[in-house]
Amino acid sequence: MPAPPDPWPLRHLVLRTPRLELRPDDDAGLDELVAVGYRGVHPPEEMPFHVPWTDADPRYLGRGMLQHFWQQRSVLAPESWAVHFLVRFEGRVVGVQTLRADEFAVNRRVDSGSWIGIEAQGKGIGTEMRAAVLVFAFDHLGATGALSAAFADNVRSLRVSEKLGYRRVGTRSVVRRGAPSEEVRVVLTPEGFVRPDWTLEVEGYPACAALLGAG
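Caption draft 1: Region of interest: the pairing of strand 8 (residues 179-188). Alignment of strand 6 (residues 145-151) against strand 8, held across six bridges, turns out to be antiparallel. Within strand 8, the residue paired with Phe-151 across the bridge is Glu-183. Examined bridge by bridge, strand 7 (residues 167-176) and strand 8 share nine bridges and lie antiparallel to one another. For Arg-176, the partnering residue across the bridge sits in strand 8 and is Ala-179. Connecting strand 7 to the antiparallel partner strand 8 that follows it, the hairpin turn spans two residues, and Arg-177 within it adopts a positive phi of roughly 50 degrees.

This is the structure:
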């Protein structure tokens, strides 16, 4: 009898840049990510997220983070998926880079989101980790477009998008902490992508293709 297929091939997926290692979330890595969250992600007067999860009561913040990632992992399917890559710098988890898609087999478009702890900010890590998943999406998954968005006052995120070649396609009003805020939406094509000057190393991808709707 042939061996059954690996039930979770994402466990073997690894993206490597010159400084970073990105792996889909696992429980040990999430414990590190929770510790990063407790040490701080942004100044308290700012809120870069639609869901203000960093405002949570510290007694429940860690549990809420774990439950969010567990829920996302549990419903992942070719028709709708979100891969949360834990980002390691110098061997330590410093943040998370998400790549997501709905009906990827049909529309070939991905969306992304990310955050890193305050202690690792200002080192170009945000640009490098987003570039990594974009190379993966365009060159391995076969994506034909990538979307992203950030609040108008999230200058760092919008600067990363600009560096990588995204173009602005509009804005919309979004409620943030009970008040209207402007969100800027951006889009990127393979032709417009300002590629990094390094080569992305990818391990364990072919076995994940079908699970991500790219088989």
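Okay, back to it.
Caption draft 2: Quick peek at the side chain of Arg-130. Inspection of the secondary structure assignment puts Arg-130 in helix 4 (residues 125-141). Salt bridges are absent for the buried Arg-130, whose nearest opposite-charge side chain, Asp-111, sits at 8.1 Å.

Caption draft 3: Structural context of the packing of helix 4 against helix 5 (residues 155-164). Following both chains from N to C, one finds helix 4 and helix 5 inclined at 50 degrees, their axes separated by 10 Å at the closest point. Between helix 4 and helix 5, the angle falls in the class oblique. Viewed along their axes, helix 4 and helix 5 form a crossing whose handedness is right-handed. Across from Gly-126, Thr-127, Arg-130, Ala-131 and Leu-134 in helix 4, the residues of helix 5 making contact are Ser-157, Val-160, Ser-161, Lys-163 and Leu-164. When grouped by side-chain class, the residues that make up the contact of helix 4 with helix 5 number four nonpolar, four polar and two charged.

Caption draft 4: Structural detail: the sheet that holds strand 1 (residues 14-16). Across the sheet, nine strands lie side by side as 7-8-6-5-4-3-2-1-9; this open sheet has mixed pairing. Whereas interior strands pair on both sides, the edge strands pair on one side only; in this sheet they are strand 7 and strand 9 (201-203). Strand-to-strand twist across the sheet, computed as the mean angle between neighbouring axes with direction ignored, equals 25 degrees. Two strands pair when backbone bridges link them, and strand 5 (residues 109-116) and strand 6 are joined in this way by three bridges, in the parallel orientation. Each residue of the ladder has a partner; that of Val-110, found in strand 6, is Ala-146. Packed onto the sheet, helix 1 (residues 27-39) meets strand 3 (80-89), strand 4 (92-102) and strand 5 and runs at close to 105 degrees relative to strand 4. On the sheet, helix 2 (residues 58-74) packs against strand 3, strand 4 and strand 5 and is oriented at approximately 130 degrees with respect to strand 3.

Caption draft 5: The arrangement of the packing of aromatic side chains in detail. What the rule picks out here adds up to six aromatic pairs. Summarising the aromatic geometry, the rings of Phe-136 and Tyr-205 are spaced 5.5 Å apart at their centres and angled 85 degrees between planes, so their arrangement reads as edge-to-face. Of this pair, Phe-136 sits in helix 4 while Tyr-205 sits in the segment after strand 9, placing them 69 residues apart in sequence. Counting every residue linked through ring pairs, the aromatic cluster contains Phe-49, Trp-53 and Trp-115.

Caption draft 6: Spatial organisation of the pattern of salt bridges. All chains considered together, the criterion is met by 15 salt bridges. With its nearest N and O atoms 3.2 Å apart, the salt bridge here joins Asp-27 to Arg-73. Of this pair, Asp-27 sits in helix 1 while Arg-73 sits in helix 2, and the two are 46 residues apart along the sequence. A relative accessible area of 22% means that Arg-73 is categorised as partly exposed. Sharing partners across several salt bridges, the network here consists of Arg-16, Glu-21, Arg-23 and Glu-203.

Caption draft 7: Main features of helix 1. The first and last C-alpha atoms of helix 1 sit 19 Å apart over 13 residues, in line with the 18 Å expected at 1.5 Å per residue. Those residues of helix 1 that fall on the buried side of the exposure criterion are Gly-29, Leu-30, Leu-33, Val-34, Val-36 and Gly-37. Looking down the long axis of helix 1, one finds its buried residues gathered within 160 degrees of arc, a one-sided arrangement. Buried residues belonging to helix 1 abut helix 2, strand 3, strand 4 and strand 5. Positioned one or two residues after helix 1, Gly-40 has a phi angle of 120 degrees, which is positive.

Caption draft 8: Representation of the nonpolar core within the structure. Core analysis: the biggest nonpolar cluster contains 48 residues, and Trp-81 and Leu-141 have the highest contact counts within it. Of all the secondary structure elements, the ones that give two or more residues to this core are strand 2 (20-24), strand 3, strand 4, strand 5, helix 4, strand 6, helix 5 and strand 8. Examining the composition of this core, we find that eleven residues originate from one element, helix 4, more than from any other. Listed in part, the 15 residues of the second largest apolar core include Val-41, Leu-66, Leu-86 and Trp-115.

Cut-offs used in this document
Residues numbered from 1 in each chain as written. Predicted model: local features only at pLDDT ≥ 70, side-chain atom pairs only at ≥ 80, totals over all residues. Heavy atoms only, no water. Pairing = 2+ DSSP bridges. Helix = DSSP H or I, 4+ residues; strand = E, 2+ residues; numbered from the N terminus. Buried < 20%, exposed > 50% of the residue type's maximum accessible area, 1.4 Å probe, protein only. Lys, Arg positive; Asp, Glu negative; His and termini not counted. Salt bridge = Lys/Arg side-chain N within 4 Å of Asp/Glu carboxyl O. Axes fitted to C-alpha atoms, helices over the stretch in contact; angles between N-to-C directions. Parallel < 35°, antiparallel > 145°, perpendicular 65-115°, else oblique. Left-handed = near helix turned anticlockwise from the far one by under 90°. Contact = heavy atoms within 4.5 Å. Nonpolar A, V, L, I, M, F, W, Y, C, P; charged D, E, K, R; others polar. Phe/Tyr/Trp six-rings, centres within 6.5 Å; stacked < 30°, edge-to-face > 60°. Expected span 1.5 Å × (residues − 1). Arc of directions from axis to C-beta. Core = buried A, V, L, I, M, F, W, Y, C linked by side-chain atoms within 4.5 Å.

Bear in mind that shape data such as this cannot, by itself, settle questions of function.
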